[in-house]
Structures are given as C-alpha cells and as structure tokens.
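Structure at a glance
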Amino acid sequence: MAQFCLILFGPPGSGKGTQAALLRGRLGLAHISTGDMLRARIASGDDLGQEAAAYVNAGALVPDEVVNRMVEDRIQQADCERGFILDGYPRTVAQARLLGAMLKARGVRSLVVHLRVSYNEITARLSARRQCARCGSISNTSHGEFCVTCGSRMALRQDDRPEVVKQRLEAYEAQTKPVLEYFREAGVKIFEVEGGGRTPEAIAMEIEKAVEVDAGANVRTA
Ligand code: AMP
C-alpha cells in the first residue's frame, strides 16, 4: 500500500503541532516535527544540537542540509510504514524540492494543508503558549502551570519570547511563504483551512475529511 504524507503548512503558532497531535492517532500516521527533533538534539547537547541552538534561539532557520538529513533518516523508520505527518517541514524552497524528490522516489502520495491564521492571533497565541520540557505537550496559560500528560511544570519556549517571535515571523515571510508559490507552480494540491476562531477539534475534523477524500482507503480514519 502506498505511503501517505500529510504536510501541515503555516506560520509559527498556526496550530501545526496541535493538529498533528490530534490527527496522528486518527489517521494512523507518524508525527514528524522538525522543531521537536531539533529541541531534543539541543537538550542532548550533542554537536548537531549545539550548532542548531544558535539558530533556533535567534528565531532563524537551521541550515537546509541539517534538517533535510534529519527528515530523510526519520521517514525510513518503522513507524512511518503507513505514512507520516510533516509538522514544520518543508520551510524553504530547497527543502520542498528535496521532499518532492524523496516522496516521488518512494511513491508516497501527499496532501498539503495550509493553516491560515492572522498575525495578531499568532502573536497572542505564542505569548500564552506553554510547552512541557519533559514530554513536549503543548498547552497555554489558561490551562494551569502543570503538564496534563506527565505532571511536569510547563514553560514558555525560549523562542516564544516576543523579540524572537518577531524574527520567526520574518523568517516565515522571507523563506517559508515562497514554498506555497513553489507548490502551486509544481501543481501540488493545497487544501486551505481557516486555522483561527474555532476549536482545534473542528479544524482537525475538516482536515480529516480532506485526507479521506484525497487518500481514500490508504489512510485509516477514526
Ligand atoms: P517549530 O517548533 O516548528 O516552530 O520550530 C522551532 C524552530 O526550529 C524554528 O524556529 C527553526 O529555528 C527550527 N526549525 C524547525 N523546523 C525547521 C525547518 N524545517 N527548517 C529550518 N529550521 C527549522
């Protein structure tokens, strides 16, 4: 059976991680977050982590070669057998090109979902967002100080501080938004989703329906 790749695309804070967490079990797909992978490497303090920290903490993109290699290795792991959700990748046209070649070589079908959220809402969301340093769960200040999954204290991500958010949004405008144009020119289907003003569950249902139509019997829907 052909693998399926759901590409969650959108600015920082548009809900990619939240949607991936809601959809992975329902669709039977692995969740691949390049941001989570980089944070794990930074926490481990290895060479790649030390190199990546300077970029991540400044709100800049990590070089394409580093991220491309990580994704190339990750999609070959056993839990990706049915397919995978990409959260935060590709973020540059060079990454999108490589991904396109990887998917083609492996006969993977894909769907791009573009989560649209206004910059005002993003800024408000990111200042209230909290993440568990131990298990990576995402929450916000209205849900208390402790992680509902593992009980650890929730913290503001280093790069969710307002001065870094500004840099991340600039990186999105300059380097990531052009990927949409690249997809369009390459004839890749883009499913546009309103990512603000309603519950994450309502958004997940809309995406699930689109996947069902696009992937047909290849993907399990709950
Ligand atoms: P995220 O958790 O997806 O918001 O990613 C956090 C940070 O990790 C980004 O601001 C970048 O510094 C880095 N990062 C994550 N994914 C990528 C990617 N595909 N390309 C380059 N840098 C990335």
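As a reminder, the structure under discussion sits directly above these lines.
The text that follows walks through the structure, step by step, so that each part is easy to find. Note that the structure is predicted; figures quoted are calculated from it, not measured.

With 14 residues, helix α5 (residues 93-106) should cover 20 Å at 1.5 Å per step; its first-to-last C-alpha distance of 20 Å lies within 8% of that length. For α5, every residue scored as buried is listed here: Q95, A96, L99, M102 and L103. Seen along its axis, α5 keeps its buried residues to an arc of 125°; they face one direction. Counted as exposed and oriented over 90 degrees from the buried face of α5: K104 and A105. In this fold, the buried residues of α5 make contact with β1 (4-9), α4 (64-74), β3 (83-87), β4 (109-116) and α7 (162-185). In the stretch just after α5, G107 is the one whose phi turns positive, near 65°.

A few words on the nonpolar core. F84 and L86 are the most contacted members of the largest nonpolar core, which totals 31 residues. Every element with two or more residues in this core is listed here: β1, β2 (30-33), α2 (34-44), α3 (47-58), α4, β3, α5 and α7. Look past the residues within four positions of F84 in its chain and what remains in contact with it is Q3, F4, C5, L6, L29, A30, I32, I75 and L103.

Definitions and limits used
Residues numbered from 1 in each chain as written. Predicted model: local features only at pLDDT ≥ 70, side-chain atom pairs only at ≥ 80, totals over all residues. Heavy atoms only, no water. Helix = DSSP H or I, 4+ residues; strand = E, 2+ residues; numbered from the N terminus. Expected span 1.5 Å × (residues − 1). Buried < 20%, exposed > 50% of the residue type's maximum accessible area, 1.4 Å probe, protein only. Arc of directions from axis to C-beta. Contact = heavy atoms within 4.5 Å. Core = buried A, V, L, I, M, F, W, Y, C linked by side-chain atoms within 4.5 Å.

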